[in-house]
Amino acid sequence: MVPKPNGVRLVAAFDPEIEPIRLETPLIAFENLEVRYTAMAAPALKGLTLSLERGIVGLLGPNGAGKSTLLKALLGLLPPSGGSGTVLGVPLGTAGSARLRARIGYMPEYDALIEDASAYEQVAFWGELSGLAPEAARDRAHEVLYFVGLDESRYRPVSGYSTGMRQRVKLAQALVHSPDLIFLDEPTNGLDPDGRRRMLDLVLRVHAELDTGVILASHLLGDVERVADQLVILDQGQIKAAGSMAGLRRALAKRVELRFLDPLDGAQEAALAGLGTVLEARNGLYDLELGEADPAGIFRWAEAQGATLVQVTPRHDRLDEVLLRALHGDAVAAREEC
Amino acid sequence: MPIYAPTLPPPPDLHQGQPPALVLMRFDLARLLRQKIGRFFGFAFLLMLLWKVGRIYVDHLLQTNQTFRPVQDFARSVLTQGADFQADLLNPAGYLLWFLVALVGGGLVARDTLYRVRPLMYAHPVVPRDYLLAKLGFASALPFAILLPFALLPWLMSLMLAGTGGPVWVTTPLRLLPAMALSSVLMGALAVGASSLAGTPRAGIGWVLGLVLGTGTLASMVHGLTGNASVQACNPIVLAEAWPQLFMGVERPLVPWLPAILGTAFHLGLWTYVAARRTRPSETVI
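From a predicted model like this one, the values you see are computed outputs, not experimental measurements.

1. Some points on the overall build of chain B
Then, number 1: Each helix and strand counted, chain B has 12 helices and zero strands in total.
Then, number 2: Moving toward the C terminus, one meets the helices and strands of chain B in the order α-α-α-α-α-α-α-α-α-α-α-α.
Then, number 3: A total of 286 residues make up chain B; the buried ones form 47% of that total.
Then, number 4: Long-range contacts, defined here as pairs at least 24 residues apart, represent 74% of the contacts in chain B between residues at least 6 apart.
Then, number 5: Accessible area for chain B stands at about 13600 Å²; split by element, carbon and sulfur atoms hold 70% of it.

Put into structure tokens, the structure is as follows:
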């Protein structure tokens, strides 16, 4: 745990020393947050302690991990049953939650569209509901629909829209009131590769051009890897890992695959373990996690041990491997205690 | 290939908008106007209104034109301007109005449930009170708006023909408007409560009609068996008809004052409670 001046503790950074997370203006900060659906029910979220800076945050986790419950809690729809938290500096579960929602945009996973209304009508409606005057909401609906690429079709009922267009209407309604923070729940659901790329480009534009914080919940790890600069992995209502993507990548880059001319004997293998953690060993191939060790030390070790090193390959794990390891509670999850 | 804007212009000022409940009601009205049922009901209600106004004019002719002297006695017995006549101004719309309330009100909450729009509403600065107020307000304003010309136009026409010194009660609207308001709120609360029980608009319509006709039939059966008119206070159709009678001072109203008050309070409380429970944010699935 890293104690912070504002009382928020940061856990689970992959490498906080290399990539410290700034906490001056946290997008979200929780301390021991617990959420229950009813007083008698088991907690759906338990002991969440987390602080995230403004950026694009990827929220990963299997079904039932608590992602939706976390979004509900962030939106103020479920008051915390324990602990405390703030979103954009506003404490959760207070009278300010309704006002806070005027600063948040939410794009749900499912089709929350009014089928008999046009994209223009409903985006203007959501704008008004967020506090825009009727005329301003109508003007803004035109602008935001143009921004998401629906300028031509905005007067057609959404019942005739393709999946990609429907996703963009949902994004437009989340952006219509220019929120400080948007929650995107599976924004690329049902999209073909091209549509997926366009949607992720829009997400990047939203953050880069509008300076809007983004929380992106997705099970498509490639999406998260492409756009997110911070990552939170949830499972069974608990944070399994969290930190910056850059820190994660650096941590992952410290894995190497070593191939020796001859298999190592027992003494050499024991000595190799002194360099780092041997994750896998088979047929003269060793998958070694170096941790904080210097990669150049491998060559010195090989020379000292008389082992003939024929190949050193840096291993870049895919994010799904990281996710699986975090969920199954091994090395990456253990770094929560950093 | 979509064409994207180079960027999004600066945001407009928030906090200039209308109250969320009013925005929701306006959107429900826009939804209703998009539906084609408005044309049929508009025509039907207009026809009824013309019939009412026409009756008054014919009555006037019968009273003033000597040519119609032979039918005057008959007209006097049929077209009176007393309490019964005034209370009856709202009556012809009764069943048709219940049907319209079922068609429109039955889908008010159920449509949001079907399209899963409610969680998205609660993700905006909307609290459950706003949502409930909007739905109850719209469901009640609809029958009220339809009844309003039935109360006012025949009264205005009567005043124009008979003058203030004639048999027409100048204070009729003061008696009819509260009665209309009570009947409309009763209809609206029942429709919203029933709609909140349904997952689709069609099921919502079924719930409203089922509840109205079911309680009505049951109350009528018990009334027939026991002879006790007070049990009709459970019957929403009778209650909606009884309020104009009570306010106009009809000699033998369908339900007396106390049972009418208790029955209306029961329906309002029950269906508002049901709707509030069924539309809580914790019930939303996101």
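2. Brief notes about the nonpolar core
Then, number 1: Judged by nonpolar contacts, the single largest core of 92 residues is most densely connected at Phe30, Phe125, Phe183 and Ile215 of chain A.
Then, number 2: Looking at this core element by element, the count peaks at 11 residues for helix α8 (residues 128–162) of chain B.
Then, number 3: Once you skip the residues sitting within four places of it in the chain, Phe125 of chain A turns out to touch Ile114 of chain A together with Val23, Leu24, Phe27 and Met121 of chain B.
Then, number 4: If you look at the next biggest cluster of nonpolar residues, it comprises 47 residues, including Met107, Ala137, Met199 and Val227 of chain A.

3. Brief notes about the interface of chain A and chain B
Then, number 1: Facing 47 residues of chain A, the contacting portion of chain B comprises 42 residues.
Then, number 2: Roughly 4300 Å² is buried in total at the junction of chain A and chain B, and carbon and sulfur atoms are behind 66% of that figure.
Then, number 3: Summed over the three residues of chain A that lose the most area to chain B, namely Leu77, Tyr110 and Leu129 of chain A, the buried surface amounts to 15% of that side.
Then, number 4: Applying the counting criterion to the chain A and chain B interface returns one salt bridge.

4. Description of the sheet that holds strand β12 (residues 277–282) of chain A
Residues and elements named next belong to chain A.
Then, number 1: The sheet built from four strands is open, its strands ordered β12-β13-β11-β14 with antiparallel pairing. One side of each edge strand has no neighbouring strand; the edge strands of this open sheet are β12 and β14 (309–315). Shown here is a sheet whose adjacent strand axes are inclined to one another by a mean of 20°, direction ignored.
Then, number 2: Across five bridges, the pairing between strand β11 (residues 255–260) and strand β13 (residues 285–289) is antiparallel. Looking at β13, one finds that Arg255 is bridged to Glu289.
Then, number 3: Lying on the sheet, helix α9 (residues 266–273) is in contact with β11, β12 and β13; it crosses β13 at an angle near 25°.
Then, number 4: Contacts between helix α10 (residues 297–305) and the sheet are confined to β11 and β14, with β14 contributing the most and set at about 155° to the helix.

5. Re the packing of helix α11 (residues 236–248) of chain B against helix α12 (residues 257–278) of chain B
Residue and element names in this part refer to chain B.
Then, number 1: Relative to each other, α11 and α12 sit at 135°, their axes nearing to 10 Å. Taken as axis vectors, α11 and α12 run oblique relative to one another. In this structure, α11 crosses over α12, and the sense of that crossing is left-handed. Between α11 and α12, the contacting residues are Pro236, Leu239, Trp243, Leu246 and Phe247 on the first element and Trp257, Ala260, Ile261, Gly263, Thr264 and His267 on the second.

6. Brief notes about the sheet that holds strand β5 (residues 90–91) of chain A
Note: strands within a sheet are paired through backbone hydrogen bonds, in either parallel or antiparallel orientation.
All names here are of chain A.
Then, number 1: Read across the open sheet, the four strands follow the order β2-β1-β4-β5; overall the sheet is antiparallel. In this open sheet, the two edge strands, each paired with only one partner strand, are β2 (45–52) and β5.
Then, number 2: Where strand β1 (residues 28–35) lies against β2, five bridges are found, and the strand directions are antiparallel. Considered in β2, the bridge of Ala29 is made with Ser51.

7. Brief notes about the confidence of the model for chain A
All names here are of chain A.
Then, number 1: Mean pLDDT for chain A: 80, with 83% of residues reaching 70 or above.
Then, number 2: Taken element by element, the predicted model of chain A shows its lowest mean pLDDT in helix α12 (residues 331–334) (41) and its highest in helix α3 (residues 119–129) (93).
Then, number 3: Contacts for the low-pLDDT stretch residues 1–23, under 50 throughout, to residues beyond four places or in other chains number 63 contacts.
Then, number 4: Under a pLDDT of 50 for its full length, residues 331–338 has, in the predicted model, 25 contacts with residues more than four places off or in other chains.

8. Here we look at the confidence of the model for chain B
Residues and elements named next belong to chain B.
Then, number 1: In the predicted model, chain B carries a mean pLDDT of 83, and the fraction of residues at 70 or more is 86%.
Then, number 2: Ranking the elements of chain B by mean pLDDT puts helix α3 (residues 69–78) last, at 56, and α12 first, at 94.
Then, number 3: Confidence estimates for the predicted assembly give a pTM of 0.76 and an ipTM of 0.75.

9. A closer look at the packing of aromatic side chains
Then, number 1: According to the stated counting rule, one finds nine aromatic pairs over all chains in the structure shown.
Then, number 2: Taking the centre distance of 5.8 Å and the plane angle of 65° together, the rings of Phe260 of chain A and Trp301 of chain A count as edge-to-face. A residue pair is termed long-range when its members are at least 10 positions apart, and Phe260 of chain A in strand β11 and Trp301 of chain A in helix α10 qualify at 41 residues. The residues Phe260 of chain A and Trp301 of chain A share a single accessibility class, namely buried.
Then, number 3: Aromatic side chains Trp243 of chain B and Trp257 of chain B sit 5.8 Å apart centroid to centroid with 70° between the ring planes, which places their arrangement in the edge-to-face category. Placement of Trp243 of chain B in helix α11 and of Trp257 of chain B in helix α12 is noted, with a sequence separation of 14 residues between them.

10. Description of the packing of α3 of chain A against helix α4 (residues 134–147) of chain A
All names here are of chain A.
Then, number 1: Where α3 meets α4, the closest approach of the two axes is 8 Å, and the angle between their N-to-C directions is 125°. With respect to α4, the element α3 is oriented oblique. As for how α3 packs across α4, the hand of that crossing is right-handed. Within the contact between the two elements, α3 uses Ala119, Tyr120, Val123, Ala124, Gly127 and Glu128 and α4 uses Pro134, Ala137, Arg138, Ala141, His142, Val144 and Leu145.
Then, number 2: Among the residues making up the contact of α3 with α4, the classes are represented as nine nonpolar, two polar and two charged.

Rules used throughout
Residues numbered from 1 in each chain as written. Chains lettered and ligands numbered in written order. Predicted model: local features only at pLDDT ≥ 70, side-chain atom pairs only at ≥ 80, totals over all residues. Heavy atoms only, no water. Helix = DSSP H or I, 4+ residues; strand = E, 2+ residues; numbered from the N terminus. Buried < 20%, exposed > 50% of the residue type's maximum accessible area, 1.4 Å probe, protein only. Contact = heavy atoms within 4.5 Å. Areas by Shrake-Rupley, 256 points an atom, 1.4 Å probe, with all protein chains shown as cover. Core = buried A, V, L, I, M, F, W, Y, C linked by side-chain atoms within 4.5 Å. Buried area = accessible area lost by both parts, 1.4 Å probe. Salt bridge = Lys/Arg side-chain N within 4 Å of Asp/Glu carboxyl O. Pairing = 2+ DSSP bridges. Axes fitted to C-alpha atoms, helices over the stretch in contact; angles between N-to-C directions. Parallel < 35°, antiparallel > 145°, perpendicular 65-115°, else oblique. Left-handed = near helix turned anticlockwise from the far one by under 90°. pLDDT = per-residue confidence, 0-100. Phe/Tyr/Trp six-rings, centres within 6.5 Å; stacked < 30°, edge-to-face > 60°. Nonpolar A, V, L, I, M, F, W, Y, C, P; charged D, E, K, R; others polar.

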